[in-house]
Amino acid sequence: MTSPPENPPSLVSEDDRDTAVRRLQDAYAEGHISHEEMDQRLHTVLTATTHDELVSALASLPAGPPDTTSTIAAHSGRIRRRGPWRVPRTLKVESAFGRVHLDLSRAVIEHPVVDIELRLGTGRARITVPRDAIVDVEGLQTGWKDLRYKPRPPLPGGPGGPGGPKIRISGAVGFGRLKIRHARR
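Being a predicted model, the structure only gives us computed values, none of them experimental.

(A) How the structure looks around the pattern of salt bridges. Summed over the entire model, instances satisfying the criterion amount to 6 salt bridges. Taking the shortest distance from any N to any O, the salt bridge between Arg-89 and Asp-115 comes out at 2.6 Å. In this pair, Arg-89 is assigned in the loop between β3 (86-87) and β4 (90-95) and Asp-115 in strand β7 (residues 113-120), connecting sequence segments 26 residues apart. Of the two residues, Arg-89 and Asp-115, both sit in the buried class. Between Glu-117 and Arg-119 there is a salt bridge, and its shortest N-O distance comes to 3.4 Å.

Shown next, in the form of structure tokens:
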């Protein structure tokens, strides 16, 4: 009888693969690798099954931008972000008694996956995501009221289609209501 390996290799997720492809594209655009080298490395990334294979494909590339985390907090009052604001990789939003409105429809989203962690007490919260965004709310806990979100059906080139960012919303909403909607345009 054989025993399983002590440290099995970790498998590559689609998010990991997408991040690696973007790093290669950025390195090529900045002149760090040739066209032929990018083709070879892309092939390695797209066929990789373990993280070790990804690491070898990204070896000797300049370090990518660090993951950014920002926190927006208010005890009471309003938290509002709208227009062309830069969305960090991880956004933490904390509000005890106020209203929260995050409009990502015209925001600058540089990451394929954005994590929004909510810590809300009472009050209302509304998040408007880009039309083509994919929203994941599995890590969200609601207290008093249910979440109001109706996912859009995937359409070719439309919401949930290729090219849109993935917005993962997690955390806890106490006695308020959270409404998530896709932008109309």
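Read on, since the account is not over.
(B) Main features of the sheet that holds strand β10 (residues 148-149). Strand order across the open sheet formed by 5 strands is β2-β5-β8-β12-β10, with parallel pairing between neighbours. The open sheet terminates on both sides in strands that have one partner only, identified here as β2 (78-81) and β10. Both β2 and strand β5 (residues 99-103) contribute to a ladder of 4 bridges, which runs parallel. Bridge pairing in β5 places Ile-79 opposite Val-100.

Conventions and cut-offs
Residues numbered from 1 in each chain as written. Predicted model: local features only at pLDDT ≥ 70, side-chain atom pairs only at ≥ 80, totals over all residues. Heavy atoms only, no water. Salt bridge = Lys/Arg side-chain N within 4 Å of Asp/Glu carboxyl O. Helix = DSSP H or I, 4+ residues; strand = E, 2+ residues; numbered from the N terminus. Buried < 20%, exposed > 50% of the residue type's maximum accessible area, 1.4 Å probe, protein only. Pairing = 2+ DSSP bridges.

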